[in-house]
Amino acid sequence: MNSRILIVGQPTEIRETLRNALQAPEWELREEPDAQAALDLVHEYSPQVILAAVDMLDVTSFLEQLRSTREAPVVVLITPPGSRERAIQELRAGAHDYILMPLAPEELRYRVSCAVERKRTLDAILLQLTQAEKMASLGRLVAGVAHELNTPIAAIYSNSDVLSRSVRRLMGLVSDLPPSAEKREIQAVLEVLSNTSEVDCIACERVIDVVRNLKTFARLDEAERKAVDIHEGLDSTLRLVECQFKSNVHVSKDYGELPPIECYPNQLNEVFMNLLVNASEAIEGQGIIKIRTRREGDSVVITIADTGKGILAADLAKIFDPGFTTKGPGVGTGLGLSIVYKIIQAHGGTIEADSTMGKGTTFTITLPLAASQRATSVPVPEPQPHGG
Amino acid sequence: MPETGTVERSTLGSQEYRGLVVVDDEEIVLTSLRSLIAIATDCRIDCYTEPKQALESIRRNGADLVIADYSMPEMDGMEFLSCVRDFDPEITRVLLTGYADKDSAIKAINQVALFHYVEKPWDNDQLLLIIRNGLERRLLLKQVREKISRLDDAHAEVKEMQMKLLKAFL
Ligand SMILES: Nc1ncnc2c1ncn2[C@@H]1O[C@H](COP(=O)(O)OP(=O)(O)O)[C@@H](O)[C@H]1O
Ligand SMILES: [Mg+2]
C-alpha cells in the first residue's frame, strides 16, 4: 500500500529537494505552497504524512486545524538552520518530528518512513478503539432487545405446547365417539390445529435460539474466572460439536505443553464452539479441521484451521461484525464471530483470520498467560435487567 | 400417547389441598402457566402480579409450591421467596429468571434454599417435572414432620406409662 505524503511550503527549492529525496515507488507525493489550500487538500487527498516547511505564518494554528480533521495526518516540520527552539515548541503543539535543514536525503527518508509507521500505528489503535466502543454500545442495545423479546417468546412457546396438549386431549375424547360426519369434521379440524401448533413450537425454538445468542453476546455469562487446562475445554467442546459434524470432517489435534490459563472457561468454550462449527460448515467435500496449541513466550497461541471453502478477501474485514453472515436467512445469525471477538477482547487477547479461497481458513487466537488488567475488569456486566 | 410431566393428584396425597402460587409482573406469563397447569395437572393455581398480594394469600391459605419471577418492580423474586421461607420453610420455592446466570443461581439456591431455578423461556415438560418433584418434596417433608410428632407423642406416652409404673411400685 502506498503512503500518501503532502509537501506544504512556499519556497520552491525546499519542495524540490524534498521531492527529489523522496522519489520512491512506495511514496505518493503531492505539493501545495499555500497552508490554507493544503488544509482543504487534506480532506480530498487524505495524506498519512505532511512535510511542512516552517516558513508558514502560523504553524501552531495550522497544526491545530489539522488535528481537528478526520484524517489527522502526522506532521514533520522542515526547519531552517538555527530554529531548533521554535521547532521544539511546535512539537509541543502537535507536530510529530522536525528535520533541520540542510536536508540529508538518507535522514529525510528515514524520518518520513518513521512518520508513516507512526500514522499506521495510530490508525490501528483508533480502529480498535472505535470497534471496542461500537461493541460496547451494541452490547447494551442487544441486551435490551433480548430482554424485551424473552418474556413474550417464553409465553408463546409455552402456549403452543399447551395448545398441542389440549388438541391431543380433544383427539382422545373425540376418538371415543361413534363414527359420524361430525366426528370426521372435528377430527379434521383438530388435525389442522395440531399441525399448526407443532409448527409454532419449531418456529419458537428458532427464535429462542437467536435470543439465547443475543443474551450471550450482550452479557458474556459470569461464571467464575479460574486457571484451567485449555485442552480440556477444547476436548469437551469438540465432543459437543463433533456429533453435528458430517462424516466428511476429520479433526486433527496438535497440542503443545501449556500451563493452566487464567480465563472464563465457559466463555472460551463458546469461542471454540463457534470456530469449530464455522469450520465444519465451511467444509463441503472431504475436509480437515486442525487444532493446534502452543506456548509462545508470555502468550498461548491457539489456531483452528480448516480446509473449507475460504472467505472472500472483501469479506475478511467484516466477519467479526455482528450480523454479518453469508449463510442466508434462517441459517446463519452472523453473531458467532462477534461473540468470539468480544470474549477474546475481554480476555486481553487477539484473534485474527487468514483465508485463501478454495484452500481454507485459519483463525489464530493469542491469549496472554498472565491475567491482564483488561480481562479482570471487562466482563463484569453492567447492571442489567434481569429476568422479567 | 402418554403425557409426559403430568402431575397426578393421586401421587400427592389426594386428601390434601395442593396449591401452586405463581408471581410474575407480566400477565402473559401468568396466563401461560395457568393454562399449562390446567391442561397438564390437577393442581390448583393462584396467580398474582403483585408479590405483596401473593404473600397475603399464602399467609391466609397456605401453599405447597411457589414460583416467582426474578425481576419484579416492587419486590424482587429473591426477597419474595425469602419471605415465603420465613413464613413456612416447607413450601417449595422455584425461581424464574430471564438469564441462565450460574452465579446468581448459586447465590439464590443458598440464600433462599431454592428448590429449582428455571430460565425463561422454559420448557413445559421440564417445568412440570420440577413442579411434580417439588410437590413430592413438600409432601415428604410433611410426612416426616407428622411421623416425628407421632414418635414424640409415643415417646411421651411411654414416659407417662413409666411414671405411672414407677408410682405404682413406690
Ligand atoms: N471457517 C470459516 N470458513 C469460511 N467462512 C467462515 C468461517 N468462519 C466464518 N466464516 C464466515 O463468517 C461469517 C460469519 O460467521 P459467524 O459470525 O459465525 O456467523 P454465522 O455462522 O451465523 O454466519 C459466516 O457467515 C461465514 O461467511
Ligand atoms: Mg457461526
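Calculation criteria
- Residues numbered from 1 in each chain as written.
- Chains lettered and ligands numbered in written order.
- Predicted model: local features only at pLDDT ≥ 70, side-chain atom pairs only at ≥ 80, totals over all residues.
- Heavy atoms only, no water.
- Helix = DSSP H or I, 4+ residues; strand = E, 2+ residues; numbered from the N terminus.
- Expected span 1.5 Å × (residues − 1).
- Buried < 20%, exposed > 50% of the residue type's maximum accessible area, 1.4 Å probe, protein only.
- Near = heavy atom within 4 Å.
- Polar contact = N/O pair within 3.5 Å; in protein donor to acceptor, adjacent residues only side chain to side chain.
- Areas by Shrake-Rupley, 256 points an atom, 1.4 Å probe, with all protein chains shown as cover.
- Nonpolar A, V, L, I, M, F, W, Y, C, P; charged D, E, K, R; others polar.
- Pairing = 2+ DSSP bridges.
- Axes fitted to C-alpha atoms, helices over the stretch in contact; angles between N-to-C directions.

Novice: Sorry, what's going on with helix α8 (residues 265-282) of chain A here?
Specialist: In an α-helix, one turn spans 3.6 residues, which is why side chains three or four residues apart end up on the same side. The first and last C-alpha atoms of α8 of chain A sit 26 Å apart over 18 residues, in line with the 26 Å expected at 1.5 Å per residue. Of the residues making up α8 of chain A, those classed as buried are Pro 265, Gln 267, Leu 268, Val 271, Phe 272, Asn 274, Leu 275, Leu 276, Val 277, Ala 279, Ser 280 and Ala 282 of chain A.

Novice: Would you take a moment to explain the site of ligand 1 for this structure?
Specialist: Residue and element names in this part refer to chain A. In the vicinity of ligand 1, 19 residues are found, and the nearest of them are Thr 325, Thr 326, Lys 327, Thr 333 and Leu 337. In this structure, Thr 325 approaches ligand 1 through a side-chain N or O atom, which is 2.5 Å from an oxygen atom. Side-chain polar atom of Thr 361 to a nitrogen atom of ligand 1: 3.4 Å apart, as the coordinates give it. When ligand 1 sits alone it has 540 Å² of accessible area, and the protein chains cover 94% of it. Counting residues per element, the ones that place at least two in the shell around ligand 1 are α8, α10 (336-346) and β12 (360-368). It is α8 that contributes the most residues to the shell around ligand 1, three residues altogether. For the shell around ligand 1, the residue count by class is eight nonpolar, nine polar and two charged.

Novice: Help me understand the sheet that holds strand β4 (residues 74-79) of chain A, please; the structure alone is not making it clear to me.
Specialist: Strands pair in a sheet through their backbones, by hydrogen bonds, and they do so in one of two ways: parallel or antiparallel. All names here are of chain A. The sheet built from five strands is open, its strands ordered β2-β1-β3-β4-β5 with parallel pairing. Two strands in the sheet have a free side with no partner beyond their single neighbour: β2 (27-32) and β5 (97-100). Averaged over all pairs of adjacent strands, the angle between their axes in this sheet comes to 20°, without regard to strand direction. Bridging between strand β3 (residues 49-53) and β4 involves five bridges; their strand directions are parallel. In the sheet register, Ala 52 faces β4, and the bridge partner there is Leu 77.

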